[in-house]
Amino acid sequence: MSATDKKLIVSNWPEYIDQDADGYKSTMTVFSERFGIDVSYTADVNDNSEFFAKVVNQLGACQPTKRDMFMLTDWMAARMIQMGWIQKLDKSKIPNVDKNLISSLQGVGWDPKREYSAPWQSGFTGIAYNKKLVKEVRTMDELLTRDDLRGKVTMLTEMRDTMGLMLLSEGKDPAKFTDADWTAAIDKVKAARRRGQIRAFTGNEYVNDLSAGNIAACVAWSGDVAASGDDNLVFVRPEEGLMIWADNMLVPNLATHQGNAEKWIDYYYEPETAAKLAAYVWYVTPVKGAQQAMEKVGPDLVKAGLIDDVDSMVNNQLIFPTEEYLKSTHSFMALDEVKMRQYEGDFADVTGG
């Protein structure tokens, strides 16, 4: 229907796309004007499992989700592809992906040829703290044991983010660990919860609490903190290492505007578009050439008041990480359905989910 029905329905995470402002036209507005496509965009992905619950019945019953695209993290994207719920992309319609996808995000095990997915943004999971309230938090052990943080800590409901960091704090590799390693890591979280160290487990909403002083430190996503606009919030690469992930654009079965979704994907893989998006969301851009494009579009972004200066963006490790920075990053092990249910169940027992 894409050729005749110029619409596109997108579900994404909060604060994950730039907005129109005085003197600045957002990337989505430019897309709509260039292609004549009316985009219905909703920020209704707050947690992978929570979103899965919204669409599982329709997808499982071979019914439309009333969405043409959604963005989900690697492990959930892999799960949906394995279940046969995601449409294959027409590679001839998205040449910019093959041309511009950065090498570190090519050839993932769950979609080796990127036939079903294209990364939207990538990012890191580490620690954030409010420097107005507490001194620097350098390790996960500090986060879970320091008396000045008791009752003022949140952790993420995303099991792989939180537990990946916990495994690192135990000296284990999140990409390859045993059941015994898992038990030791989860017991550490349980003990901290019993002690009253952890206030809550949250999705994206932790940033507001951190700014307001309701919490003092937390497990956090890099871009959320960087884009918060609050100079008191600091993102820390824990001494034991960071978790790295990507959120991926997926077109579900029975989506009625796949062709328009493919136009969107190809458009967001243009380096100048990617640079503008990165300047707003502060996550790792998956698009080769975006760093050089930032130098070109940066002055306009400064003029519009969207960034302070070009150099601080071009040289920002959270957007354009160096090889050295990436050496401290880790991915979470792929889990089969049985193991996933076991670990998710253990984690839900701790989080109250």
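Details of the structure are given in the entry above.
Described below are features of the structure shown in this document. Keep in mind the model is a prediction, meaning the values are calculated, not measured.

1. Some thoughts on empty space enclosed by the protein
1) Next: The final tally for this structure, using the stated rule, is two cavities of 30 Å³ or more.
2) Next: In this structure, the largest cavity occupies an estimated 130 Å³ of space.
3) Next: Residue lining of the largest cavity: 13 residues in total, with Trp 13, Trp 221, Trp 245, Asp 247 and Tyr 283 positioned closest to the centre.
4) Next: Counted by class, the lining of the largest cavity contains six nonpolar, three polar and four charged residues.
5) Next: Those elements that provide at least two residues to the lining of the second largest cavity are β4 (118-130) and α11 (271-281).
6) Next: Take the lining of the second largest cavity: its biggest share by element is three residues, from β4.
7) Next: The class makeup of the residues in the lining of the second largest cavity is nine nonpolar, one polar and no charged.

2. Section: the layout of surface pockets
1) Next: Roughly 1,000 Å³ of internal volume is contained in the largest pocket.
2) Next: Taken together, 44 residues make up the lining of the largest pocket; nearest its centre are Asp 74, Ser 104, Leu 105, Trp 245 and Ala 246.
3) Next: Residue contributions to the lining of the largest pocket peak at five residues, all from helix α3 (residues 74-82).
4) Next: Volume-wise, the second largest pocket comes out at about 810 Å³.
5) Next: For the second largest pocket, the lining is made up of 35 residues, of which Val 225, Ala 226, Ala 227, Ser 228 and Gly 229 are closest to its centre.
6) Next: Only α8 (206-212), α9 (222-226), β8 (233-236), α11 and α13 (310-314) provide two or more residues apiece to the lining of the second largest pocket.
7) Next: In terms of residue class, the lining of the second largest pocket is made up of 19 nonpolar, seven polar and nine charged.

Rules used in this analysis
Residues numbered from 1 in each chain as written. Predicted model: local features only at pLDDT ≥ 70, side-chain atom pairs only at ≥ 80, totals over all residues. Heavy atoms only, no water. 1 Å grid on protein atoms, 1.4 Å probe; cavity = no way out; pocket = protein on both sides within 12 Å on 5 of 7 lines; lining within 4 Å. Points joined across faces, edges and corners; volume = space filled by probe spheres on them. Nonpolar A, V, L, I, M, F, W, Y, C, P; charged D, E, K, R; others polar. Helix = DSSP H or I, 4+ residues; strand = E, 2+ residues; numbered from the N terminus.

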